[in-house]
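Residues per chain, in single letters:
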Amino acid sequence: MNKKNILVFSMALTIVGGATAAVFAAENAVHSTKNKVVTVASKAGNGTNQTTVAKVANGKISDEEAVKMATKALKDYMGLDAKSFGEARVNRTNAQEDFKFFMDLYSKEDAAVLKENAKKDTANVIVVQFIRAEDLNQPMPASNRIVINEATGEIVSLTAFTNEDRSSETTIDDAKVKSAVISFFDKQQKNVKENTIKVSKSASSGTVRVLCNLEDGRDVDVTISLKNYTVSSYEINYDRLLPLPSEEKDYRENFREL
């Protein structure tokens, strides 16, 4: 939610080994506090586009490394190649900022749980958003969004954007849903706890939502495309936050157990 702490990289990304973005350090490092805004422009040389990125002394993972990690995650988990991205935006935040923002906007019941969650030791995360070159002039461009736990380096959330036509399919194949969820987290060497998978009762825009628990006790919210039963987004409850009463009501009414 903090709009001030955005570091924008104007990028013409190239792929190294098919997985990571090639990031070139600027001659002079830029030291930044969390809320300082820095803009770095692309440079062209010898007929090729290269990206000059200022090093930022900020946290345990540098902005350049976060871009590399996010690019690799998109390739490894979603099969998306970053060479068409026109810009990467890096934002550092913490759930505490959301608590403060939403406290007065939610119902009394939800606000009470928010207050309990605000007492938790929540993680600092790095949000990397990749915007395609052709969408840079759009007022609200769609983007691939990757969230990294700064302390552990874990990719705790990923939303992939593609141009493929969404399926009009509304029939949900439970076996394929279960297989897709388990296989996806196998790639991350994470195990889905048995008998915890729940799927939304109906499809929306050719996708279904899936809820499940990992064996480490964290819960996960997943979106699956009914076109090919692939995961298009997931979010791990990395702070182990208590669900809001409104969320629990949604889970009871709109999801069913597999």
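Shown above is the structure to which this text applies.
These numbers were taken from a predicted model, which means no experiment stands behind them.

1. Quick word on the overall build of the chain
Of the regular secondary structure elements, the chain holds 5 helices and 17 strands. A total of 258 residues make up the chain; the buried ones form 43% of that total. Intrachain contacts of the chain at a sequence separation of at least 6 include 67% that bridge at least 24 residues. As presented, the chain carries roughly 14000 Å² of accessible surface, and 47% of it is formed by carbon and sulfur atoms.

2. What about the nonpolar core?
Membership of the largest hydrophobic core comes to 42 residues, with the highest contact counts inside it found for M78, F130, L158, F185, I224 and Y234. Setting aside residues up to four positions removed in sequence, I224 forms contacts with V177, A180, V181, G206, T207, V208, V210, Y229, T230, V231 and S232. Judged by nonpolar contacts, the second largest core, of 6 residues, contains A123, V125, V127 and Y238.

3. What about the pattern of salt bridges?
Under the criterion given, the structure shown has 12 salt bridges. The salt bridge partner of D174 is R256, with a shortest N-O separation of 2.7 Å. Placement of D174 in helix α4 (residues 174–187) and of R256 in strand β17 (residues 255–257) is noted, with a sequence separation of 82 residues between them. Between R209 and D221 there is a salt bridge; the shortest N-O distance is 2.6 Å. Remark: D221 occurs in strand β15 (residues 219–225) and R209 occurs in strand β14 (residues 207–213); sequence separation between them is 12 residues.

4. Focus on the packing of aromatic side chains
Counted by the stated rule, this structure contains 7 aromatic pairs. The structure contains a cluster of three or more aromatic residues connected by ring pairs, namely Y77, F184, F185 and Y234.

5. Things to note about the pairing of strand β16 (residues 230–236)
Pairing between strand β12 (residues 155–159) and β16: 3 bridges, direction antiparallel. Considered in β16, the bridge of S157 is made with E235. Sheet topology note: the β15/β16 ladder contains 6 bridges and is antiparallel. Within β16, the residue paired with T223 across the bridge is S233. Linking β15 to β16, which pair antiparallel, is a turn of 4 residues; within it Y229 sits at a positive phi near 55°.

Here is what the cut-offs are and how they apply
- Residues numbered from 1 in each chain as written.
- Predicted model: local features only at pLDDT ≥ 70, side-chain atom pairs only at ≥ 80, totals over all residues.
- Heavy atoms only, no water.
- Helix = DSSP H or I, 4+ residues; strand = E, 2+ residues; numbered from the N terminus.
- Buried < 20%, exposed > 50% of the residue type's maximum accessible area, 1.4 Å probe, protein only.
- Contact = heavy atoms within 4.5 Å.
- Areas by Shrake-Rupley, 256 points an atom, 1.4 Å probe, with all protein chains shown as cover.
- Core = buried A, V, L, I, M, F, W, Y, C linked by side-chain atoms within 4.5 Å.
- Salt bridge = Lys/Arg side-chain N within 4 Å of Asp/Glu carboxyl O.
- Phe/Tyr/Trp six-rings, centres within 6.5 Å; stacked < 30°, edge-to-face > 60°.
- Pairing = 2+ DSSP bridges.

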